[in-house]
Amino acid sequence: MGETTVTTLEGQDRAAPRPVARDRAGKGFLHRLRAPRRPRFWFEILLIAASYWTYSLIRNAVPEQRGKALRNADWIWRTEHHLGIAVEQSVNHAVNSATWLIIGMNYYYATLHFVVTLGVLVWLYHSHPGRYAAARLALFATTAVALIGYYFLPLAPPRLMNGGHFVDTVVVHHTWGSMASGDLKHMSNQYAAMPSMHIGWSLWCGLTIFALASAPWARILGLLYPAATLLVIVSTANHFWLDAVGGMLCLAFGFTVARVWYGALPHTLPRWVPGTRGAQMLPLKA
């Protein structure tokens, strides 16, 4: 009996891996595609450049439905009055009275949107390669779904409203502050204000920094960045408060896509993957 029992158990031990092997083989390409891997620098540069070019092309190809965009702006403005949050005009006029402040905001609006986002991507690439692809997917999905909003809800920014009495701060102060004002206005769709990707991108940056940065001051700055961006987009009359809500909803969608694809939110994935600096310090799981 004893010998028979031992032989049976040993046979079971030898047979056990076979279903697992078949299961892994069944996952195949999809499993490998989802697995975090070392990002390739030149591929990422080309991917980001091509993605932004495509986004800009599609965004600017959306028909500029001026009449509908202005009607939607009036509807947003009335809705905010009903909600008691229609203070954009007061903020716009108050900040515009401080010339040095509004000029600084114009340049903030035109530059940090790109500079900070690219900076966070570079930081993730170098310091969190295991989380980079998932975070990048969240950002790309956020941007992609925003295009749907631009198409189905053309919206004039407050500065272009009829009788809105908002100040177009770029035009008034003659600053290079917006692709949708002044000499550059014909290079951008002026009626793609909903959702606000200044908020979508800045909140992605802020949450990523807050979740992954080790220095307390950096985490605080991460939270302050989207808050400052919200003040800037309202002060310059480029967006309503509700445009910012639209940007937040797009970001929620982006993180949901990353969560479904990778099985976890970006910041919960391993920091390092095999083949990257620091991976040898972490035990590899089978």
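By convention here, each chain's residues receive numbers from 1 onward along its written sequence. Totals for whole chains, interfaces and linings use all residues, but because this is a predicted model, local features are given only for residues with pLDDT of at least 70 and pairs of side-chain atoms are given and counted only at 80 or more. To obtain the side-chain values, all non-hydrogen atoms of the structure were used and water was disregarded.

### Quick word on the overall build of the protein chain
Okay, so step 1: Helical segments are the DSSP runs of H or I of at least four residues, strand segments are the runs of E of at least two, and each set is numbered from the N terminus. Regarding its fold elements, the protein chain presents eleven helices and zero strands.
Okay, so step 2: Shown N-terminal to C-terminal, the secondary structure of the protein chain runs as helices and strands in the order α-α-α-α-α-α-α-α-α-α-α.
Okay, so step 3: Per-residue accessibility, obtained with a 1.4 Å probe over protein chains only, is compared with the maximum for each type, and a residue is labelled buried under 20%, exposed over 50%, and partly exposed between these values. With 286 residues in all, the protein chain has 45% of them scored as buried.
Okay, so step 4: Pairs of residues are marked as contacts when any of their non-hydrogen atoms sit within 4.5 Å. Here the contacts in the protein chain between residues at least 6 apart in sequence split such that 83% fall between residues at least 24 apart.
Okay, so step 5: All accessibility values rest on the Shrake-Rupley procedure with a 1.4 Å probe; residue burial counts only the protein chains present in the view. For the protein chain, the exposed surface amounts to about 16000 Å²; the carbon and sulfur share of it is 67%.

### Here we look at the pattern of salt bridges
Okay, so step 1: Note on definitions: salt bridges are taken to be side-chain nitrogens of Lys or Arg within 4 Å of carboxyl oxygens of Asp or Glu. In the structure shown here, the tally under the stated rule is two salt bridges.
Okay, so step 2: The salt bridge involving E44 is made with R136; its shortest N-O contact spans 2.8 Å. Linking E44 in helix 3 (residues 41–61) with R136 in helix 7 (residues 129–152), this pair joins segments that are 92 residues apart in sequence. As far as burial versus exposure is concerned, E44 and R136 are alike and both buried.
Okay, so step 3: For the salt bridge of D168 with R159, the shortest nitrogen-to-oxygen distance reads 3.4 Å. In terms of burial, D168 and R159 fall into one category: buried.

### Focus: unusual backbone geometry
Okay, so step 1: With an omega of 0 degrees, the peptide bond between M194 and P195 qualifies as cis.
Okay, so step 2: Assignment of secondary structure puts P195 in the loop between helix 8 (169–173) and helix 9 (197–212).
Okay, so step 3: A positive phi is found at H174, a non-glycine position, where the angle reads about 55 degrees.
Okay, so step 4: Structurally, the position occupied by H174 is in the loop between helix 8 and helix 9.
Okay, so step 5: Phi angles above zero are rare outside glycine, and A237 is one such case at about 65 degrees.

### Thoughts on the side chain of D243
Okay, so step 1: Residue placement: D243 occurs in helix 11 (residues 241–262).
Okay, so step 2: The exposure class assigned to D243 is buried, which follows from its relative accessible area of 0%.
Okay, so step 3: Among residues more than four places away in sequence, those in contact with D243 are L155, A193, M194, P195 and S196.

### Some remarks on the confidence of the model for the protein chain
Okay, so step 1: pLDDT runs from 0 to 100 and stands for how confident the predictor is about each residue. For the protein chain, the average pLDDT comes to 83, and 76% of its residues sit at 70 or higher.
Okay, so step 2: Under a pLDDT of 50 for its full length, residues 280–286 has, in the predicted model, three contacts with residues more than four places off or in other chains.

### Details of the side chain of T142
Okay, so step 1: Checked against the element boundaries, T142 lands in helix 7.
Okay, so step 2: Residue T142 is classed as buried on the basis of its relative accessible area, which comes to 1%.
Okay, so step 3: Residues adjacent in sequence count toward polar contacts only when both atoms are side-chain atoms; beyond that, a polar contact is any pair of N or O atoms within 3.5 Å, and within protein one must be able to donate a hydrogen and the other to accept it. Here A138 takes part through its backbone oxygen, which lies 2.7 Å from a polar atom of the side chain of T142.
Okay, so step 4: In contact with T142, other than residues within four places in its own chain, are M197, C250, L251 and G254.

### Here we look at the packing of helix 5 (residues 88–96) against helix 10 (residues 216–235)
Okay, so step 1: Fitted lines through C-alpha atoms serve as axes, helices being fitted only where they are in contact, and the angles separating the N-to-C directions of these axes extend from 0 to 180 degrees. Following both chains from N to C, one finds helix 5 and helix 10 inclined at 90 degrees, their axes separated by 8 Å at the closest point. Classed by the angle they form, the pair helix 5 and helix 10 counts as roughly perpendicular. Facing E88, V91, N92 and V95 of helix 5, the residues of helix 10 in contact are L231, V234 and S235. Orientation is classified from the angle alone, with under 35 degrees giving roughly parallel, over 145 giving roughly antiparallel, 65 to 115 giving roughly perpendicular, and any other angle giving oblique.

### Let's talk about the nonpolar core
Okay, so step 1: Among the nonpolar cores identified, the biggest contains 38 residues, and L124, Y150, M197 and W204 are the most heavily contacted of them.
Okay, so step 2: Elements with a contribution of two residues or more to this core: helix 3, helix 6 (99–127), helix 7, helix 9, helix 10 and helix 11.
Okay, so step 3: Other than its neighbours up to four places away in sequence, W204 contacts T117, V120, L121, L124, A135, A138, L139, L251 and F255.
Okay, so step 4: Only buried residues count toward a nonpolar core. Its members are Ala, Val, Leu, Ile, Met, Phe, Trp, Tyr and Cys residues joined through side-chain atoms within 4.5 Å. Grouped together as the second largest cluster of nonpolar side chains are 16 residues, A73, M161, F166 and M194 included.

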